[in-house]
Amino acid sequence: MVSPVTVVKSEGPKLVPFFKATCVYFVLWLPTSTPSWFSALIKCLPIFCLWVFLLAHGINFLGAHSSARKILAGLIFSALGDAFLIWQEQGYFCHGLLMFAVTHILYSSAFGMKPLNLAAGLVIGAVSGLCYMLLYPYLSGPFTYLVAVYIALIGFMGWRAIAGVQLANDLWTWTKLSACLGAVLFMVSDLTIAVNKFCFPVPHSRAIIMATYYAAQMLIALSAVECQDADVARKRA
C-alpha cells in the first residue's frame, strides 16, 4: 500500500490548479441570481482541473484502468450538470439532475461490486429511505419520482464506495478511504441541495454545498490514482 506521504508528494503538485480554481470560485462568489456563461465557467473550472489531473497521469494509464476512465467520464458529466444548474431557475434543474445521475452510475461502476458488504448497503439503504421520507411531503409532480430515483442512485454509489473500506480486516488503501469520504461528502452536498430547494432555506447553503461538492470530487478523482491495485484486488477476490 502506498503511504499517504508519498501520495501527497507525487499527487499534490498536480492538484494545485484545482485548489487555485476553487479559491477563484469562492473569492469571486458570483451571484446566482444572474446566470451567465462566465459564472458557469468559474463554477466548472475546478472540475476541469480534475480532468487535467487524471489526464496528467497519461493516456496509457487511462487506457489500462477502466476505473480511472469511468471516474473521468463521471467528472465530464458532473461539469455538464454544474453548467445546467447555473440556469436551474430557468428550467434546467432536471437536466442537471440527469447529468449527476449518470455521474453516480459511472462512479458506482468504477468502485465495483467487490467486496459486497451487505451491512453497509443496508445502513445506506435505511439512511436513503429516511431522507426520502423527510423530503416526500415537500415534493410534487415529477419530482416525487425523480428525487426517489436520484436518491437510490447516489445511495448505491455511496454503498459501493463505503464497501471498499475494510478496516477490520486491514484490507484497505488510502484510495479506497478517499473514495469513501468523497462519496459521503457528495451525499451531504446533494442532501443540502434537496433540503434547501424543496423544504426550507438552509443557512449558508451555497457555501456548504460547494465546499462539500468540490472536496468530494477531488477525493473521488484521487481514488483513481491507485486503481491498478484495486483492479488487481478485484480479480483476486
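Note that this is a predicted model, so its numbers are computed, not measured.

Calculation notes
Residues numbered from 1 in each chain as written. Predicted model: local features only at pLDDT ≥ 70, side-chain atom pairs only at ≥ 80, totals over all residues. Heavy atoms only, no water. Helix = DSSP H or I, 4+ residues; strand = E, 2+ residues; numbered from the N terminus. Rg over C-alpha atoms; globule rule 2.2 N^0.38 Å. Buried < 20%, exposed > 50% of the residue type's maximum accessible area, 1.4 Å probe, protein only. Contact = heavy atoms within 4.5 Å. Areas by Shrake-Rupley, 256 points an atom, 1.4 Å probe, with all protein chains shown as cover. Lys, Arg positive; Asp, Glu negative; His and termini not counted. Charge placed at Lys NZ, Arg CZ, Asp CG, Glu CD. Expected span 1.5 Å × (residues − 1). Arc of directions from axis to C-beta. Axes fitted to C-alpha atoms, helices over the stretch in contact; angles between N-to-C directions. Parallel < 35°, antiparallel > 145°, perpendicular 65-115°, else oblique. Left-handed = near helix turned anticlockwise from the far one by under 90°. Core = buried A, V, L, I, M, F, W, Y, C linked by side-chain atoms within 4.5 Å. 1 Å grid on protein atoms, 1.4 Å probe; cavity = no way out; pocket = protein on both sides within 12 Å on 5 of 7 lines; lining within 4 Å. Points joined across faces, edges and corners; volume = space filled by probe spheres on them. Nonpolar A, V, L, I, M, F, W, Y, C, P; charged D, E, K, R; others polar. Salt bridge = Lys/Arg side-chain N within 4 Å of Asp/Glu carboxyl O.

The secondary structure content of the protein amounts to 11 helices and zero strands. On C-alpha atoms alone, the protein measures out to a radius of gyration of 18 Å, which is about the 18 Å that the 2.2 N^0.38 rule sets for 237 residues. Projected onto its principal axes, the C-alpha coordinates of the protein cover approximately 45 × 40 × 30 Å. Every one of the 237 residues in the protein was classed for burial, and the buried ones make up 46%. Of the contacts made within the protein by residues no fewer than 6 positions apart, 77% connect residues no fewer than 24 positions apart. Accessible surface for the protein amounts to roughly 12000 Å². Of this, 73% is attributable to carbon and sulfur atoms. A distance of 3 Å separates the average location of the 14 positive side-chain charges in the protein from that of its 8 negative side-chain charges.

Below, the discussion takes up helix α7 (residues 118-135). With 18 residues, α7 should cover 26 Å at 1.5 Å per step; its first-to-last C-alpha distance of 25 Å lies within 8% of that length. Taken as a whole, α7 has its buried residues at Ala120, Gly121, Ile124, Ser128, Cys131 and Leu135. The buried residues of α7 all sit within an arc of 95° when viewed along its axis, so they share a single face. Exposed side chains of α7 directed beyond 90 degrees from the buried face belong to Leu118, Ala119, Leu122, Val123, Ala126, Met133 and Leu134. Buried-residue contacts for α7 involve α8 (143-163) and α9 (174-199).

Before going further, it helps to spend a moment on the packing of helix α6 (residues 93-111) against α9. The contact between α6 and α9 brings their axes to 13 Å, and the two run at 160°. One element, α6, and the other, α9, form an angle in the roughly antiparallel class. You can see that α6 and α9 cross each other, and the crossing is left-handed. Of α9, the residues touching α6 (which contributes Phe93, Phe100, His104, Tyr107 and Phe111) are Ala179, Phe186, Asp190, Ile193, Lys197 and Phe198.

Inspection of the secondary structure puts Gln88 in the loop between α5 (66-86) and α6. Look at Gln88 and you get partly exposed, because its relative accessible area is 28%. In this structure the C-alpha to C-alpha distance between Gln88 and Trp159, which are 71 residues apart in sequence, comes to 28 Å. Beyond its immediate sequence surroundings of up to four residues, Gln88 is in contact with Phe93 and Lys197.

What follows covers the nonpolar core. Ranked by size, the top nonpolar core spans 60 residues in total, and within it Leu50, Ile71, Leu75, Tyr107 and Phe186 carry the most contacts. Of the residues forming this core, the biggest block, 10 residues, is contributed by helix α10 (residues 205-222). Those residues in contact with Tyr107 that sit more than four places away from it in its chain are Ile71, Gly74, Leu75, Ser78, Met157, Phe186, Gln217 and Ile220.

What follows is about the layout of surface pockets. When its volume is computed, the largest pocket comes out at roughly 620 Å³. For the largest pocket, the lining is made up of 27 residues, of which Thr32, Lys43, Leu85, Gln88 and Arg206 are closest to its centre. For the lining of the largest pocket, the secondary structure elements donating two or more residues are α3 (37-55), α5, α6, α9 and α10. Looking at the lining of the largest pocket residue by residue, the class counts come to 13 nonpolar, eight polar and six charged.

Here the focus is the packing of α3 against α10. Working note: a packed helix pair is described by the angle between its axes plus the distance between those axes. At a minimum axis separation of 10 Å, α3 and α10 run at an interaxial angle of 10°. Our classification of the angle between α3 and α10 gives roughly parallel. For the pair α3 and α10, contact is made by Ile42, Lys43, Pro46, Ile47, Leu50, Phe53 and Leu54 and by Met210, Tyr213, Tyr214, Gln217, Met218, Ala221 and Leu222, respectively. Counted by class, the contact of α3 with α10 contains 12 nonpolar, one polar and one charged residues.

In this section: the pattern of salt bridges. On inspection of all chains with the given rule, the structure shows one salt bridge. Put simply, Lys14 and Glu11 hold a salt bridge, and the shortest N to O gap is 3.8 Å.

Among the structural elements, Leu62 can be located in helix α4 (residues 59-64). Distance from Leu62 to Gly129, taken between C-alpha atoms, is 36 Å for residues 67 residues apart in sequence.

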